[in-house]
Amino acid sequence: MDNVLKSQMLSGVHIKESKLLPKTLFTKLLNIQYPIIQAPMSPLTTPELVANVSNAGGLGSIAAARMNRQQLKAEIDKVRLLTSKPFAINLFIPPSTPDTCTQDDVRAVKEVLNRILTRMNVTSIDMNKLKLINPPVNLYDEQIDVILQERISVLSFTFGYPSSDIISKCKKLRIKLVGTATTPRECLRLTEIGCDAICLQGSEAGGHRGSFLTKDKDTIEQSSIGLASLLSQCAQQSPPVPLIAAGGIMDAHGLISCLVLGASAIQMGTKFLTSDESTLIPSAHKQLLLDPSKIETTVLTRIYTGKPARGIYTQLIDEFKTMDPKHILPWNIQSQLALEISRYAAKHHQLDFMQLWAGQNYSKCEKKPAKQIVEDIIQEANKILNGN
Ligand SMILES: Cc1cc2nc3c(=O)[nH]c(=O)nc-3n(C[C@H](O)[C@H](O)[C@H](O)COP(=O)(O)O)c2cc1C
């Protein structure tokens, strides 16, 4: 948070009138009311979720990573029908050189998955017969086309950063750029390429790690920094760029502590997974998040997509324990194989074999409309600021 605002917030002693959450660099950048961002969550965000968060004074985000040109255009149209406020579109940056693997590695993963299918009593899927799409379909160029044509307010991204050509086109159109960093070094790189704000993703965060300066197989060990440490290190960097804190933030205490540590906004994913507008999440996953006593813990794993991601610990993750993690396949292949099982599991309500994404602070999930989530946090934050 800007130093002036920090002292304003912390120096309550002599001020008698009631204090309100101050504007931050991020809210001023986008001219929005509150420093709360609904995290992009591919493929689970709905137009209603995005629009209702923006309408409540925060910033909604369309998770567009898996959308083609027509789907993305239709999604934007739907959100624009529901709100005139700014919202973000989030993309996955494709790798410049896709990772490769050997046929032996593919065979080894298929073997584990076939064993799991046997445990699940599934006879209709044989991993050895699965046709893999390689190289994967590249949607990135058409997604960028749509974003430029539609002059979206904010382009946020993860797993890297756009080319200098795309960055300068966005700047010309005043599209604000928000990159994702998981280490101070990544934060510095995103500052250098001209990001208008940087989302710092602590290791508590649900979903994929946005890391891009480590190889996927090294990320869990090398780029898993807790949010408080990440924020306090990046807040010292210069030149100052508005920082967005993400990972395990679920309430007003999370918001205020992040602002004090140097953030200009917070980004919440898991909290919005159980909102009323979050209708694409399988109902068994939503129910589980609302009944946290049934959850053992969350872990970072590469078994779903080859990239490290945080989700609820399940039997599926446990079954992979026998496998040396260095044999897990690259993103484009591991994700196709693992998805077969998770899709089947979701359809047949086999919770222990589904992909159950969640951040570490899952026990504070609530079933509420998105607007109320935003309003309750702001109201509570104002109470805390006034010592109530
Ligand atoms: C189900 C799920 C899907 C996600 N998908 C994306 C995505 O498409 N793009 C992205 O930048 N971040 C994605 N994330 C990460 C979020 O942006 C954010 O870092 C994270 O949710 C913050 O941690 P929290 O879940 O504890 O709030 C996803 C997170 C979850 C839980």
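Conventions we followed
Residues numbered from 1 in each chain as written. Predicted model: local features only at pLDDT ≥ 70, side-chain atom pairs only at ≥ 80, totals over all residues. Heavy atoms only, no water. 1 Å grid on protein atoms, 1.4 Å probe; cavity = no way out; pocket = protein on both sides within 12 Å on 5 of 7 lines; lining within 4 Å. Points joined across faces, edges and corners; volume = space filled by probe spheres on them. Helix = DSSP H or I, 4+ residues; strand = E, 2+ residues; numbered from the N terminus. Polar contact = N/O pair within 3.5 Å; in protein donor to acceptor, adjacent residues only side chain to side chain. Buried < 20%, exposed > 50% of the residue type's maximum accessible area, 1.4 Å probe, protein only. Pairing = 2+ DSSP bridges. Right-handed = clockwise from strand over helix to strand, strands pointing away. Near = heavy atom within 4 Å. Areas by Shrake-Rupley, 256 points an atom, 1.4 Å probe, with all protein chains shown as cover. Nonpolar A, V, L, I, M, F, W, Y, C, P; charged D, E, K, R; others polar. Core = buried A, V, L, I, M, F, W, Y, C linked by side-chain atoms within 4.5 Å. Contact = heavy atoms within 4.5 Å. pLDDT = per-residue confidence, 0-100. Axes fitted to C-alpha atoms, helices over the stretch in contact; angles between N-to-C directions.

A. Looking closely at the layout of surface pockets. Here the second largest pocket defines a volume of roughly 430 Å³. Along its surface, the second largest pocket is lined by 16 residues, and Ile 220, Leu 300, Arg 302, Pro 325 and Lys 326 are the ones closest to its centre. In terms of residue count, the dominant contributor to the lining of the second largest pocket is helix α9 (residues 216-222) (4 residues).

B. View of the environment of Lys 23. As for its position among the elements, Lys 23 is in the loop between α1 (3-10) and α2 (25-30). Sequence separation between Lys 23 and Pro 35 is 12 residues, and the spatial gap between their C-alpha atoms is 7.9 Å. Here Ile 32 takes part through its backbone oxygen, which lies 3.2 Å from a polar atom of the side chain of Lys 23. Among the polar contacts made by the side chain of Lys 23, one reaches the main-chain carbonyl oxygen of Gln 33 at a distance of 3.3 Å.

C. View of the pairing of strand β5 (residues 176-181). Extensive coverage of β5 is indicated by the burial of 5 of its 6 residues. In this structure, strand β4 (residues 154-158) lies alongside β5, joined through 3 bridges in parallel fashion. The residue bridging Leu 155 from the neighbouring strand is Leu 177, located in β5. In the classification by handedness, the crossover that spans β4, the intervening helix α7 (residues 164-172) and the parallel β5 is right-handed. Two elements, β5 and strand β6 (residues 197-201), share 4 bridges in a ladder whose sense is parallel. In the sheet register, Ala 181 faces β6, and the bridge partner there is Leu 200.

D. How the structure looks around unusual backbone geometry. With an omega dihedral of 0°, the bond running from Ser 42 to Pro 43 counts as a cis peptide bond. Its location among the elements puts Pro 43 in the loop between β1 (36-38) and α3 (47-55). Positioned with a positive phi, Asn 31 is a non-glycine residue whose angle comes to about 55°. Summarising the element assignment, Asn 31 is placed in the loop between α2 and β1. Phi angles above zero are rare outside glycine, and Arg 174 is one such case at about 60°. Owing to a relative accessible area of 69%, Arg 174 belongs among the exposed residues under this scheme.

E. Region of interest: the pairing of β6. Summarising burial for β6: 5 of the 5 residues are buried, a large majority. Burial along β6 is two-sided: the face carrying Ala 197, Cys 199 and Gln 201 and the face carrying Ile 198 and Leu 200 are both buried. In the classification by handedness, the crossover that spans β5, the intervening helix α8 (residues 184-192) and the parallel β6 is right-handed. When β6 meets strand β8 (residues 243-246), the two strands line up parallel, connected through 4 bridges. Along β8, the bridge assignment pairs Ile 198 with Leu 243.

F. Examining the site of the ligand more closely. Surrounding the ligand, one finds 21 residues, the nearest of these being Pro 40, Asn 90, Gly 248, Gly 269 and Thr 270. In this structure, Gly 248 approaches the ligand through a main-chain N or O atom, which is 2.8 Å from an oxygen atom. Between the ligand and the protein, one listed contact pairs an oxygen atom with a side-chain N or O atom of Thr 270 at 2.5 Å. Coverage of the ligand by the protein amounts to 97% of the 600 Å² it exposes when considered alone. Listing elements by their share of the shell around the ligand, those giving two or more residues are β3 (87-92) and β9 (265-268). The residue makeup of the shell around the ligand, split by class, is 9 nonpolar, 12 polar and no charged.

G. Local environment of the nonpolar core. Ranked by internal contacts, the top residues of the largest apolar core, which has 104 residues, are Ile 62 and Ile 89. With residues up to four places along the chain from it excluded, the contact list for Ile 62 reads Pro 40, Thr 45, Val 50, Met 67, Leu 72, Glu 75, Ile 76, Val 79, Phe 87, Ala 88, Ile 89 and Asn 90. By size, the runner-up hydrophobic cluster in this structure holds 13 residues, among which are Leu 30, Ile 37, Ala 88 and Ala 265.

H. Spotlight on the confidence of the model for the chain. When pLDDT is averaged along the chain, the result is 93, and 96% of the positions lie at 70 or above. For the stretch residues 11-15, pLDDT sits under 50, and the model shows 1 contact to residues farther than four places along the chain or on other chains.

I. Structural context of the sheet that holds strand β2 (residues 60-63). If you walk across this open sheet you meet the 8 strands as β1-β9-β8-β6-β5-β4-β3-β2, and the pairing is parallel. A strand with exactly one partner marks an edge of an open sheet, and here the two such strands are β1 and β2. This sheet shows a mean twist of 25° between the axes of neighbouring strands, independent of strand direction. Sheet contacts for α3: β1, β2 and β3; angle to β2, the most-contacted strand, approximately 160°. Contacts between α8 and the sheet are confined to β4, β5, β6 and β8, with β5 contributing the most and set at about 160° to the helix.

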